[in-house]
Amino acid sequence: MKDNKGRFLVVSNRLPVTMTSNDNKWEAKSSSGGLVNALDPVLKNRGGFWVGWPGTCEEVKMSVLKEILGPISKKNGYRFMPVLLTKKDIEEYYHGFSNSVLWPLFHDFQSRCDFLPEYWEGYIRANEKFAKVVHGHASENDFIWVNDYQLIPLGSMLLNKNPDLRSSFFLHIPFPSLDVFMKLPWRKEILYQLTCYSLVCFQTQRDRRNFIECVRVFYPGATVYGRGHVIKVRIDDRAFLAGSMPISIDYRRYSSLGSSGPVVKRAKQIKDEIYTEKMMIGVDRLDYSKGIPQKLKGFDKCLQEHPELREKLTLFQLVIPSRDTINEYRELRNEIELLISEINGKYSTTRWTPVIWRHGSLPETELYAAYRAADIAIVTSLKDGMNLVCKEYCASKGRKGGVLILSEFTGAAIQLSKGAVLVNPYDVCDVSESIYRAFMMDEEEQKARMKSMREAIRRQDVFWWVDNFLRAAAGKKLGDFPEQDLPSLWPGLFKIKQKYNAGKPS
Ligand code: GDG
């Protein structure tokens with residue numbers, strides 16, 4: 001098992017599939033989300049591993065896991081390695097420390113944090129479980145890529161198990177400023193754990209700057225060398241790299257999907273069904289960081305200030321269910337429903353409903369048809385590590401126009417600042433006027449802005465991101481992990497079987 005030339009080993013909280021059981025019948029559904037959508041095309045057909053929680057706390061027999069995950073592994077061309085977690089783990093590690101401490105704090109929502117010591121204990125316990133699975137399958141030659149805030153301690157745990165098991169880390173969410181980070185009761189531990197990776201990488205230079213500032217305060221003797229995407233940090237006798245690389249999408253795939261016959265045809269149908277002159281799309285996970293109420297309030301104000309837009313502009317808002325067992329998220333859903341019914345109650349006519357919304361996911365082609373049909377896309381995140389929705393929207397438009405309204409507080413705003421209409425989501429007037437401006441923008445300006453955004457996304461697509469990450473972490477590029485058939489899980493097993501059979505009397 002451990003004699004290989006080096007494989008890709010991605011670790012994230014969730015596997016790209018979720019296992020569910022109904023009357024003891026198990027099935028796996030693919031899960032979507034920024035991280036999965038970015039990493040799946042990278043891992044596809046490269047014969048590596050994805051380690052993560054399969055989304056269930058129920059006891060699952062090994063035979064069931066193999067039966068369910070085996071065929072999906074084969075289809076995807078990489079293997080799924082489940083980490084089994086208990087209800088208590090999920091309560092304390094996932095809902096607790098990850099989503100009630102790190103997520104709100106790193107998105108600047110300090111007042112939403114619950115700094116409970118048992119959450120920290122659960123976080124460490126669950127990370128140990130991940131470390132055990134990774135350690136059981138990885139060799140020193142493998143490229144171990146740990147993803148996101150749920151797994152910050154993993155790198156240091158792997159080093160404790162085997163000092164040659166080096167790993168790299170990418171933080172998909174923002175890294176907060178020093179004064180916010182200081183509020184974390186486990187700030188010393190979290191910072192130390194981040195410094196144990198060979199490469200610790202952030203979405204933007206701003207996030208990395210925040211991190212380096214924290215390093216300088218906690219390790220006054222630290223030295224920092226270099227500039228650009230990757231810099232070197234030395235703390236006493238330890239050295240590691242700190243990077244900043246914006247994650248992106250598989251631009252070519254999404255751009256050709258957006259221009260494909262079925263998507264274009266369906267986009268036309270959607271446009272006809274919507275009825276109004278223009279359609280504006282919003283696609284967000286149900287999360288307070290995405291600023292959905294701020295978007296709705298801005299739209300309300302726009303319809304109030306500019307009555308000429310009534311019956312001419314419809315908002316199609318897709319809300320993807322997320323963490324819906326948490327009270328706060330249920331409350332957010334109620335708030336959104338209330339705001340939508342207020343807007344629709346105020347302005348609807350017999351032939352027009354201002355906000356059409358859906359709480360649920362769409363199949364990929366349907367989502368791209370909706371992007372394609374939309375004249376405007378609106379992202380009003382209060383804080384967002386990157387935001388892939390805005391990049392997907394631009395890719396789907398082909399050479400057509402379309403306007404992107406984008407929150408200043410997304411990582412993507414740095415790359416797309418020339419083409420997008422940037423907005424401060426906390427300023428209801430700004431949101432309202434940006435919608436009006438987007439509605440009125442002429443075709444020529446739209447096309448010019450869209451072109452510059454598409455160019456930026458095409459130049460730095462998800463493969464650029466991976467190549468840069470690999471080059472910095474291991475001096476490799478994606479091509480060094482060629483496409484291949486899924487290798488056997490136990491390469492030695494075939495030989496042992498042969499030997500055994502050879503020794504057997506015929
Ligand atoms: C985190 C960070 C960072 C959404 N609805 C459907 C669907 N989606 C897909 C989109 C997009 C993804 O979900 C959402 O990605 P985002 O980047 O917008 O947001 P998060 O999920 O919060 O992701 C974020 C990201 O990690 C990557 O680093 O950009 O800042 O918060 O890809 O397409 N996909 C389908 N149907 C839907 O209804 N098929």
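Residues numbered from 1 in each chain as written. Predicted model: local features only at pLDDT ≥ 70, side-chain atom pairs only at ≥ 80, totals over all residues. Heavy atoms only, no water.

## Some points on the overall build of the protein chain
Right, so step 1: Counting its secondary structure elements, the protein chain contains 19 helices and 17 strands.
Right, so step 2: Against the 2.2 N^0.38 benchmark of 23 Å for 506 residues, the protein chain shows a C-alpha radius of gyration of 24 Å, consistent with a compact globule.
Right, so step 3: The principal-axis extents of the C-alpha atoms in the protein chain amount to approximately 85 × 65 × 45 Å.
Right, so step 4: Taking all 506 residues of the protein chain together, 57% fall into the buried category.
Right, so step 5: Contacts in the protein chain between residues far apart in sequence, at least 24 positions, make up 76% of those at least 6 positions apart.
Right, so step 6: With an accessible surface of roughly 22,400 Å², the protein chain has 50% of that area assigned to carbon and sulfur atoms.
Right, so step 7: When the 73 positive and 60 negative side-chain charges of the protein chain are each reduced to one mean point, those points stand 6 Å apart. (Helix = DSSP H or I, 4+ residues; strand = E, 2+ residues; numbered from the N terminus. Rg over C-alpha atoms; globule rule 2.2 N^0.38 Å. Buried < 20%, exposed > 50% of the residue type's maximum accessible area, 1.4 Å probe, protein only. Contact = heavy atoms within 4.5 Å. Areas by Shrake-Rupley, 256 points an atom, 1.4 Å probe, with all protein chains shown as cover. Lys, Arg positive; Asp, Glu negative; His and termini not counted. Charge placed at Lys NZ, Arg CZ, Asp CG, Glu CD.)

## As for the sheet that holds strand β12 (residues 278-285)
Right, so step 1: As summarised here, the arrangement of the six strands in space is β14-β13-β12-β15-β16-β17, forming an open sheet in which the pairing is parallel. Taken across any chain shown, the strands that pair with only one partner, and hence form the sheet edges, are β14 (355-359) and β17 (421-423). Taken over all neighbouring pairs, the strand axes of this sheet differ in orientation by 20 degrees on average, direction set aside.
Right, so step 2: As defined by bridge partners, strand β16 (residues 403-407) adjoins β17 across three bridges and the pair is classed as parallel. If you follow I405 over to β17, its bridge partner there is V421. (Pairing = 2+ DSSP bridges. Axes fitted to C-alpha atoms, helices over the stretch in contact; angles between N-to-C directions.)

## Quick notes on the site of the ligand
Right, so step 1: In the vicinity of the ligand lie 24 residues, with N37, H172, L362, D384 and E392 positioned nearest.
Right, so step 2: At 3.1 Å from an oxygen atom of the ligand is found a side-chain nitrogen or oxygen belonging to Q203.
Right, so step 3: At 3.1 Å from an oxygen atom of the ligand is found a main-chain nitrogen or oxygen belonging to G385.
Right, so step 4: Protein chains shield 92% of the accessible area of the ligand, which is 730 Å² for the free molecule.
Right, so step 5: Of all the elements in the fold, those that place two or more residues in the shell around the ligand are α1 (34-43), β12, β13 (313-320), α13 (364-373) and α14 (389-396).
Right, so step 6: Partitioned by chemical class, the residues of the shell around the ligand number ten nonpolar, nine polar and five charged. (Near = heavy atom within 4 Å. Polar contact = N/O pair within 3.5 Å; in protein donor to acceptor, adjacent residues only side chain to side chain. Nonpolar A, V, L, I, M, F, W, Y, C, P; charged D, E, K, R; others polar.)

## Observations regarding the side chain of D89
Right, so step 1: With respect to the helices and strands, the residue D89 is situated in helix α3 (residues 87-106).
Right, so step 2: Filtering out sequence-adjacent residues up to four positions away, D89 remains in contact with Y94, R125 and K129.

## Structural notes on the packing of aromatic side chains
Right, so step 1: Summed over the entire model, instances satisfying the criterion amount to 35 aromatic pairs.
Right, so step 2: An aromatic cluster of at least three residues, connected via ring pairs, comprises F106, F175, F181, F202, F211, F218 and F240.
Right, so step 3: When the ring centre of F109 is taken as reference, the NZ or CZ atom of R112 above it lies at 5.7 Å.
Right, so step 4: Across from the ring centre of Y288, 4.0 Å away, lies the NZ or CZ of R112, which sits over that ring. (Phe/Tyr/Trp six-rings, centres within 6.5 Å; stacked < 30°, edge-to-face > 60°. Lys NZ or Arg CZ within 6 Å of the ring centre and 35° of its normal.)

## A few points about the environment of A373
Right, so step 1: Tracing the backbone shows A373 in helix α13.
Right, so step 2: As for A373 and G282, which are separated by 91 residues in sequence, their C-alpha atoms are 12 Å apart.

## A look at the packing of α13 against α14
Right, so step 1: Contact geometry of α13 with α14 gives a least axis separation of 8 Å together with a crossing angle of 75 degrees. Accordingly, the angle class assigned to the pair α13 and α14 is roughly perpendicular. Contacts between α13 and α14 pair Y368, Y371 and R372 from the former with V389, E392, Y393 and S396 from the latter.
Right, so step 2: Across the contact of α13 with α14, the residue classes break down as four nonpolar, one polar and two charged. (Parallel < 35°, antiparallel > 145°, perpendicular 65-115°, else oblique.)

## Notes on helix α4 (residues 117-137)
Right, so step 1: Here α4 contains 21 residues, and its C-alpha end-to-end distance of 31 Å stays within 8% of the 30 Å for a straight helix at 1.5 Å per residue.
Right, so step 2: Restricting attention to buried positions, one finds in α4 the residues Y119, W120, G122, Y123, A126, N127, F130, A131, V133 and V134. (Expected span 1.5 Å × (residues − 1).)

## A word on the domain arrangement of the protein chain
Right, so step 1: According to the domain assignment, the protein chain consists of domain 1 (8-247 + 461-502) and domain 2 (251-459).
Right, so step 2: One C-alpha centre belongs to domain 1, the other to domain 2, and the line joining them spans 30 Å.
Right, so step 3: Listed by partner, the interface residues are 25 residues for domain 1 and 28 residues for domain 2.
Right, so step 4: Approximately 2,000 Å² of surface area, both sides summed, lies buried where domain 1 meets domain 2, with 55% of it carried by carbon and sulfur atoms.
Right, so step 5: At the junction of domain 1 and domain 2, the tally comes to three salt bridges. (Domains from an automatic or database assignment. Buried area = accessible area lost by both parts, 1.4 Å probe. Salt bridge = Lys/Arg side-chain N within 4 Å of Asp/Glu carboxyl O.)

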